[in-house]
Amino acid sequence: MPRKILVLNSGSSSLKYRLIDLDGEAVLASGLVERIGEDGAPAADHRQAIAELVRRLEASGHWRGAGDLYGIGHRVVHGGESFAAAARVDDAVVAAIRAAIALAPLHNPPNLLGIEVCRELWPGVPQVAVFDTAFHQTMPPQAYRYALPESCYGGMPIRRYGFHGTSFAYVTRRVAEYLGRPQAALNLIALHLGNGASACAIGGGRSLDTSMGLTPLAGLMMGTRCGDLDPGVVLHLLGQGRTLAEVAGLLNRDSGLKGVAGGNDMRDVLVRADAGDAEAGLAVAMYCHRIKHYVGAYSAVLGRVDALVFTGGIGEHAAPIRQGVCAGLANLGIVLDEAANAAAGPGIAELQGGGGVKILVVPTDEELEIARQAGGVIAQAAV
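I will try to describe carefully the structure that is included in this document. (Residues numbered from 1 in each chain as written. Predicted model: local features only at pLDDT ≥ 70, side-chain atom pairs only at ≥ 80, totals over all residues. Heavy atoms only, no water.)

**With respect to the overall build of the chain**
Stated precisely, the cut-off is as follows: Numbered from the N terminus, helices here are DSSP runs of H or I no shorter than four residues, and strands are runs of E no shorter than two. Here the globule rule reads 2.2 Å times residues to the power 0.38, and the radius of gyration is calculated from C-alpha atoms. The buried label goes to any residue with under 20% of its type's maximum accessible area, the exposed label to any with over 50%, and the partly exposed label to all in between, with areas taken from a 1.4 Å probe on protein chains only. Whether two residues are in contact is decided by their heavy atoms: any pair within 4.5 Å suffices. Note on areas: Shrake-Rupley with a 1.4 Å probe; residue coverage comes only from the protein chains shown.
Along its length, the chain carries 14 helices and 12 strands. Relative to its length of 383 residues, the chain is compact, with a C-alpha radius of gyration of 21 Å against a globular reference of 21 Å. For the chain, the spread of C-alpha atoms along the three principal axes comes to 55 × 55 × 45 Å. Counting all 383 residues of the chain, 50% fall into the buried class. Taking as baseline every contact in the chain between residues at least 6 positions apart, the subset at least 24 positions apart corresponds to 64%. Carbon and sulfur atoms form 54% of the exposed surface of the chain, whose accessible area is close to 16300 Å².

Shown next, in the form of structure tokens:
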């Protein structure tokens, strides 16, 4: 009987799902239930969204009931300091996810809602929470602590947590397989570049530093998020009479590519930049410049870099961004082969020229990583 894992990414108004046969890692079905709660939508709430998901899975021929499932893997954005690995869902895990809502108020509540609905509907099916933050729990204190008073490190600590951990875990495993080396022997600088973007220094296969912080707002310039910013800017904006909600909206939804170029789709920004649009050209230059900062910093943190890894929608598909990031980094052993960069297609691609650091494009698969981690937790509990 196939070991089927249902992977769920429950958002505030959407439910992304994938049904995976763990034994062959085959995708049996996948999809997205959108506009949850909106007029005319197929689902008025998350319970109805899961009912719609089941209807679609039944139509695919791969669902004969919850008894068919080996388990359910849930993406959870923030696990605080409580989780350094995926965890079998029980009341204590639910309470810990709820306690971390203050750190991820837009993400953890719908993540938790998806878990609660599934526990109610299918109490006999093992469920596993897979945390975006877990991969980064190996960071040393000098990397994750902020230079704030000790009083800020009590309760739910104010510290760097990092995100995109599931993606970084997946690409680390894939690079190790591709290079035929154990993860513990690999030093990587991984760049997950999408609408959200972050960098990670991976030493010996473990996260040693990452660009996102307490929240996903820090680090690289993103689609609509500002990335690193002088904290005095926030104080200045508040001093001008803007409300906290207005400043939060400005930094999270109206900054980044959107703030500089007027749009957050990198494909459109690159087309405009090629046509001579000054704002788009500045946005691309800023985007690459910010990434270079982290590549240089993480080269120093790691000492030896085996590979620079691009992943995520922009990292995998935007050759001009890869070129802009790598330009001028020959002193770090990073030399791009421009022809290989332009020709990179599906799958893993090597883009290095004469430098000592491999430059790799590695397509990420966060859903498969969630399924693998969920399956591992369930199998371990069965021993």
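**Section: the packing of helix α6 (residues 231-239) against helix α7 (residues 244-253)**
The description of two helices packed together rests on the angle between their axes and the distance between the axes. Definition in use: The axes are straight lines fitted to the C-alpha atoms, using for helices just the contacting stretch, and the angles between their N-to-C directions are given from 0 to 180°. We call two directions roughly parallel when the angle between them is under 35 degrees, roughly antiparallel when it is over 145, roughly perpendicular when it lies between 65 and 115, and oblique otherwise. Crossing handedness: left-handed means the near helix sits turned counterclockwise from the far one by under a right angle, and right-handed means the same turn made clockwise. Under the convention adopted here, Pro, Cys and the residues Ala, Val, Leu, Ile, Met, Phe, Trp and Tyr are nonpolar, Asp, Glu, Lys and Arg are charged, and Gly plus all remaining residues are polar.
Between α6 and α7, the shortest axis-to-axis distance is 9 Å and the interhelical angle comes to 135°. One element, α6, and the other, α7, form an angle in the oblique class. Pair α6 / α7 crosses with right-handed handedness. Of the residues in α7, those in contact with Val234, Leu237 and Leu238 of α6 are Leu244, Val247, Leu250 and Leu251. Here the contact of α6 with α7 is composed, by residue class, of seven nonpolar, no polar and no charged.

**Remarks on the nonpolar core**
Side chains of a nonpolar character, in soluble globular proteins, are inclined to be buried together. Filter applied, for reference: Residues grouped as a nonpolar core are buried Ala, Val, Leu, Ile, Met, Phe, Trp, Tyr and Cys residues, joined through side-chain atoms within 4.5 Å.
Of all hydrophobic cores here, the largest spans 44 residues; its most connected members are Leu191, Leu193, Met266, Tyr287, Val295, Leu308 and Ile321. Elements with a contribution of two residues or more to this core: β7 (187-193), β8 (197-203), α8 (256-261), α9 (266-274), α10 (278-302), β10 (307-311), α12 (319-326) and β12 (358-361). With 10 residues, the single largest contributor to this core is α10. Discounting chain neighbours no more than four positions away, the residues touching leucine 193 are Leu220, Tyr287, Ile291, Phe310, Thr311, Gly312, Gly313, Ile314, Gly315 and Ile321.

**So, the sheet that holds strand β2 (residues 15-21)**
Rules: A pair of strands counts as paired when DSSP detects no fewer than two bridges linking them.
With respect to topology, six strands assemble into an open sheet ordered β3-β2-β1-β4-β6-β5, the strand pairing being mixed. Of all the strands in the sheet, just β3 (26-33) and β5 (87-88) have a single pairing partner and so form its edges. Judged from the two bridges that link them, β5 and strand β6 (residues 127-131) form a sheet pairing that is antiparallel. Each residue of the ladder has a partner; that of alanine 87, found in β6, is alanine 129. Lying on the sheet, helix α14 (residues 366-382) is in contact with β1 (4-10), β2, β4 (69-76), β5 and β6; it crosses β4 at an angle near 125°.

**Regarding unusual backbone geometry**
Even without being glycine, arginine 35 reaches a positive phi, approximately 55°. Tracing the sequence through the fold places arginine 35 in the loop between β3 and α1 (46-60). Look at arginine 35 and you get partly exposed, because its relative accessible area is 41%.

**Notes on the pairing of β4**
The buried fraction of β4 is high, at six of eight residues. Inspection of the sheet shows β1 paired to β4 by five bridges, in the parallel sense. Considered in β4, the bridge of leucine 6 is made with isoleucine 72. Strand direction decides the pairing type here: β4 and β6, joined by five bridges, are parallel. Among the inter-strand pairings, histidine 74 is bridged to a residue of β6, identified as alanine 129.

**With respect to the packing of α10 against α12**
One way to put it is that α10 packs onto α12 with a least axis distance of 8 Å and a crossing angle of 50°. Comparing the axis directions of α10 and α12 gives the class oblique. In this structure, α10 meets α12 at a crossing whose hand is right-handed. Residues Val284, Tyr287, Cys288, Ile291, Lys292 and Val295 of α10 pack against Ile321, Gly324, Val325 and Cys326 of α12. Taken together, the residues of the contact of α10 with α12 sort by class into eight nonpolar, one polar and one charged.

**Remarks on the state of the cysteines**
Our working definition: A pair of sulfur atoms, both from cysteines and within 2.5 Å, is called a disulfide here.
Enumeration according to the criterion identifies zero disulfides in this entry. The closest cysteine sulfur to the non-disulfide-bonded cysteine 288 is located on cysteine 326, 9.3 Å from its own sulfur. Given the relative accessible area of 7%, cysteine 288 is considered buried.

**Observations regarding the environment of leucine 282**
Mapped onto the fold, leucine 282 is located in helix α10. On the accessibility criterion, leucine 282 (47% relative accessible area) is partly exposed. Considered as a pair, leucine 282 and alanine 26 are 256 residues apart in the sequence and their alpha carbons are 42 Å apart.

**As for the pattern of salt bridges**
Let me state the cut-off plainly: The salt bridge criterion pairs a side-chain nitrogen of Lys or Arg with a carboxyl oxygen of Asp or Glu, the two atoms within 4 Å.
By the definition in use, this model includes 24 salt bridges. A salt bridge links aspartate 132 to arginine 75; the nearest nitrogen and oxygen atoms lie 2.6 Å apart. Placement of aspartate 132 in the loop between β6 and α4 (141-144) and of arginine 75 in strand β4 is noted, with a sequence separation of 57 residues between them.

**Observations concerning the packing of aromatic side chains**
Each aromatic ring pair is summarised here by two numbers: the centre-to-centre distance and the angle between the ring planes. Definition in use: Two rings from Phe, Tyr or Trp (for Trp, the six-membered ring) form a pair when their centres sit within 6.5 Å of each other. Planes less than 30 degrees apart are called stacked, planes more than 60 degrees apart edge-to-face, and all others tilted.
Applying the stated rule across the entire model yields four aromatic pairs. Geometrically, the ring pair formed by tyrosine 144 and tyrosine 153 is stacked, given 6.4 Å between the ring centres and 20° between the ring planes. Measuring from centroid to centroid gives 5.6 Å for tyrosine 294 and tyrosine 298, while their planes differ by 65°, and the two rings are edge-to-face. Taken together, the residues span about one helical turn, with tyrosine 294 and tyrosine 298 both in helix α10 at a distance of four residues.

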